[in-house]
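So you can see what is in the structure, the chains are spelled out below.
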Amino acid sequence: MERHDVLRLAMDAGEIMLVNGGETYRVEDTIRRICQAGGLSGAEAFVTPTGIFLSVDGAGGDQPLSLVRRIPQRTIDLNKIAGVNDFSRRFAAGRMAVDEGMQELAAIRREVTHNHGRTLLASGVGAAAATLLLGGALADLFPAALVGAVTMRLLDRLTVLQTTHFIKEFAGGAIAAVIALLLSEAVRLAGGQAGLLHPDKVILGTLYLLVPGVTFTNAVRDLIAGDLVSGAVRGLDALLVAGALAGGSGFVLAFWGGGF
Amino acid sequence: MALLIDLILSFIVTAAFGVLQQLPARTLLPAGILGVVGRLIYLGVNAQGQSPVMGSFLGAVAIAVLAEALARWQKMPVIVYVVASFIPLVPGLTIYESMRVLLQGEYTRGIALATQAGLIAVAIAAGLAIVSSVARFYKSRAARGRR
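Fair warning: this is a prediction, and the values are worked out from it, not measured in the lab.

Asks: Just to check I follow, could you spell out the UniProt feature "transmembrane region" (unreviewed entry) in chain B for this structure?
Replies: All names here are of chain B. With numbering matched to this structure, UniProt assigns "transmembrane region" (unreviewed entry) to residues 53-71, 78-96 and 116-138. Along residues 78-96 one finds 63% helix and 0% strand; the C-alpha atoms at either end are 30 Å apart. For residues 116-138, the helix share is 100%, the strand share is 0%, and the end-to-end C-alpha distance is 33 Å.

Asks: Would you mind showing me how to read helix H6 (residues 141-157) of chain A here?
Replies: Think of an α-helix as 3.6 residues a turn; residues three or four steps apart then line up on the same face. Between its first and last C-alpha atoms H6 of chain A spans 24 Å; for 17 residues at 1.5 Å apiece the expected length is 24 Å, and the two agree. Listing the buried residues of H6 of chain A in full gives Pro143, Ala144, Ala145, Val147, Gly148, Ala149, Thr151, Met152 and Leu155 of chain A. The secondary structure elements touched by the buried residues of H6 of chain A are helix H5 (116-133), helix H7 (165-189) and helix H8 (199-208) of chain A together with helix H1 (2-20) of chain B.

Asks: Would you explain the interface of chain B and chain A in this entry?
Replies: A common measure of how large an interface is: the accessible area buried when the components associate. Tallying the contact residues gives 44 residues for chain B and 47 residues for chain A. Carbon and sulfur atoms make up 76% of the area that chain B and chain A hide from each other, which totals about 3900 Å². A per-residue breakdown of the area chain B buries against chain A is headed by Gln22, Ile79 and Tyr96 of chain B, which together make up 17% of the total. Along the contact surface separating chain B from chain A lie zero salt bridges. Along the contact surface separating chain B from chain A lie seven residue pairs in polar contact (both at pLDDT 80 or more). When contributions to the side of chain B that touches chain A are tallied by element, the ones reaching two or more residues are H1, helix H2 (25-47), helix H4 (79-85), helix H5 (92-103) and helix H6 (107-146) of chain B. The element best represented in the side of chain B that touches chain A is H1 of chain B, accounting for nine residues. Here the residues of the side of chain B that touches chain A are counted per class, giving 31 nonpolar, seven polar and six charged.

Definitions and limits used
Residues numbered from 1 in each chain as written. Chains lettered and ligands numbered in written order. Predicted model: local features only at pLDDT ≥ 70, side-chain atom pairs only at ≥ 80, totals over all residues. Heavy atoms only, no water. UniProt positions renumbered as here; feature names shortened; annotations may be inferred. Helix = DSSP H or I, 4+ residues; strand = E, 2+ residues; numbered from the N terminus. Expected span 1.5 Å × (residues − 1). Buried < 20%, exposed > 50% of the residue type's maximum accessible area, 1.4 Å probe, protein only. Contact = heavy atoms within 4.5 Å. Buried area = accessible area lost by both parts, 1.4 Å probe. Salt bridge = Lys/Arg side-chain N within 4 Å of Asp/Glu carboxyl O. Polar contact = N/O pair within 3.5 Å; in protein donor to acceptor, adjacent residues only side chain to side chain. Nonpolar A, V, L, I, M, F, W, Y, C, P; charged D, E, K, R; others polar.

Printed below as a string of structure tokens:
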């Protein structure tokens, strides 16, 4: 009974980390640490980006236990990783009951770090700053903020696409390209001088926000830690996402023709 | 002046990217500063006439070293600081250019640009990896020493 609960607590902690973009070795380390603190001997965790396999020895007449959990979807929330990291340290250090631990994990799961308003603001400001950084003109500032915010908002709302994130990134590239090109067309039709708006720089500024940063860093860190399977899978994932981003915008640009 | 504006923009890009990846609030400022440091080193190395690959590598090394130090100081996972900070080093313009000329049928130039972008990505990864593995080595030695 008690052993099952500890095992489930460790699994839950690991799952929160992995789902939100934690590195493989960190998830394994956290699970092992919690199991040890909970009095389970011989805990072994095998973690890949798509699933966690966990088992403990059957020392002293106890039955060996094991638990497998599939991870069908992943998002990114680094605050939750930091939260579970901190939790596992405290659980390992002090006398915390398993129930109490479960409640803490539930609280970490519910926690919202940056709400919709703040992420929307970050999308706009970030896209505008990235556009200027890449050599956009001052006239690109507001269009870029608009394209960045609208693209991120649309992707957020298109929950149908969340399941296969390759399609999501492809759509992100395409949406950013369409809006940027439409805006530049509108400026031209309104009698603005040609070349006032740089749709290419605006598209790039927005795509910067979709760069698979967490996946890329995790791939590197997993590979150094010796998790070759996870590292290779994540590297491939990052490559696919980058390809999808470029493909989505390239697809639109190729059809648009002249403006490109 | 142009440099100052560039660095301010790097800070904003890093912090905004950090918000989108849900970095804990108290790490946004340090992460933004790391983004600026990485960019500054990248630009400095480029100004010496070195290739952008070298600049990206050294920028990534600097980011990773400072991230390891910050992680120990603020008791946070290292990944929190690294994830956003290298974004100003990403060769977005090169990737875009390579895609554009490839679509126009200029295969030789397109492949050359794509290769350069790929090398920069590898340089960033190598910069992060080298520092990270050295840090792990010292960490495991320290752990053994304590026992």
